[in-house]
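Results of the structural survey
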Amino acid sequence: GLNTHAAHAALEEHLAQSANITDLLNTLAALGQSRHPARRAILAREGETLRQTLGGYLGYLQVVGTCPFEEVFDAVAEEERRPTFSLSHPGLSRSLYVPLSLNNAQLWTPRGLRWLTDTVIKLAPVSEFTTLRIVAPCQAHASFAPDLRAAVQAALREMLAAVRKQPCPSVTGRLEAYLR
């Protein structure tokens, strides 16, 4: 399994021997999804290096949102606060937010829905395209269990009420369609 000492050692060794960016990012993703005791420190160290190039930064941001643990929200918020991050940069916002919107381990929790709602509200006036991508998982909410369906509908209604105040016709239309 991914959460054994042997697996952690193998991931560390593979990381040290990564021959290219794809290898490095895939290893970081595996580390981030494991319970490796030093995963946060390793990700932080590698993030410092990867932020030095746009390609590395985009790849690193994609890894951040895949963490299956609740700490993913703090990691995303930390990246948002960095001077290197810009909400208006379509590649950066897409790379940071889309993976978390697809993170089934955390998105459908109360904190995940709060994150999604807040992110849609702040991102919609800046990038309708990325906003449509991060809200897309809500499309299937009608088939969810009743308690989750109600929570998602409440989040969608809150998003819609806020987004209607901005010139975001694509997002407004999509939210309205999801609520029909």
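These lines cover the structure that appears in this document, whether it is placed above or below. Everything numeric in this text was worked out from a predicted model, so none of it was measured. (Residues numbered from 1 in each chain as written. Predicted model: local features only at pLDDT ≥ 70, side-chain atom pairs only at ≥ 80, totals over all residues. Heavy atoms only, no water.)

1. A closer look at helix H10 (residues 169–179)
In plain terms, the rule: Relative accessibility thresholds used throughout: buried, under 20% of the residue-type maximum; exposed, over 50%; partly exposed, between the two (1.4 Å probe, protein chains only). In this description a helix means any DSSP run of H or I spanning at least four residues, a strand means any run of E spanning at least two, and both kinds are numbered starting from the N terminus. In this context, the arc is that of the directions from the helix axis out to the C-beta atoms. Residue contacts are counted whenever heavy atoms from the two residues lie within 4.5 Å of one another.
Restricting attention to buried positions, one finds in H10 the residues Val-171, Thr-172, Leu-175 and Tyr-178. With its buried residues spanning 130 degrees around the axis, H10 presents them on a single face. On the buried face of H10, the contacting elements are helix H7 (110–123), helix H8 (128–135) and helix H9 (146–163).

2. Brief notes about the environment of Thr-49
Summarising the element assignment, Thr-49 is placed in helix H3 (residues 39–50). Thr-49 sits in the partly exposed class, given a relative accessible area of 48%. In the structure, Thr-49 is positioned 11 residues away from Tyr-60 in sequence and 9.7 Å away in space, judged by C-alpha atoms.

3. Considerations on the environment of His-14
On the secondary structure map, His-14 appears in helix H1 (residues 5–16). For His-14, a relative accessible area of 37% translates into the label partly exposed. Taking the C-alpha atoms as reference, His-14 lies 7.0 Å from Thr-27; in sequence the two are 13 residues apart. Apart from the residues lying within four places of it in its own chain, the contact partners of His-14 are Asp-23 and Thr-27.

4. Notes on the pattern of salt bridges
So the rule is basically this: For this document, the term salt bridge refers to a Lys or Arg side-chain nitrogen within 4 Å of an Asp or Glu carboxyl oxygen.
Applying the stated criterion across every chain yields a total of 14 salt bridges. Note that Arg-45 and Glu-46 form a salt bridge whose closest N and O atoms lie 3.0 Å from each other. Taking relative accessible area as the criterion, Glu-46 reaches 14% and is therefore assigned buried. Between Glu-158 and Arg-114 there is a salt bridge; the shortest N-O distance is 2.6 Å. Remark: Arg-114 occurs in helix H7 and Glu-158 occurs in helix H9; sequence separation between them is 44 residues. A relative accessible area of 34% means that Glu-158 is categorised as partly exposed. What makes Arg-114 partly exposed here is its relative accessible area of 36%. Among the ionic contacts, a cluster of salt bridges with common partners joins Glu-48, Arg-51, Glu-78, Glu-79 and Arg-82.

5. Here's the deal with helix H5 (residues 72–81)
It helps to recall that an α-helix has 3.6 residues per turn; residues three or four apart then point in one direction. Along H5, the residues that are buried comprise Val-72, Phe-73, Val-76 and Glu-79. Viewed along the axis of H5, the buried residues span an arc of 125 degrees, placing them on a single side of the element. Turning to H5, the residues buried within the fold contact helix H4 (54–64), helix H6 (90–101) and H7.

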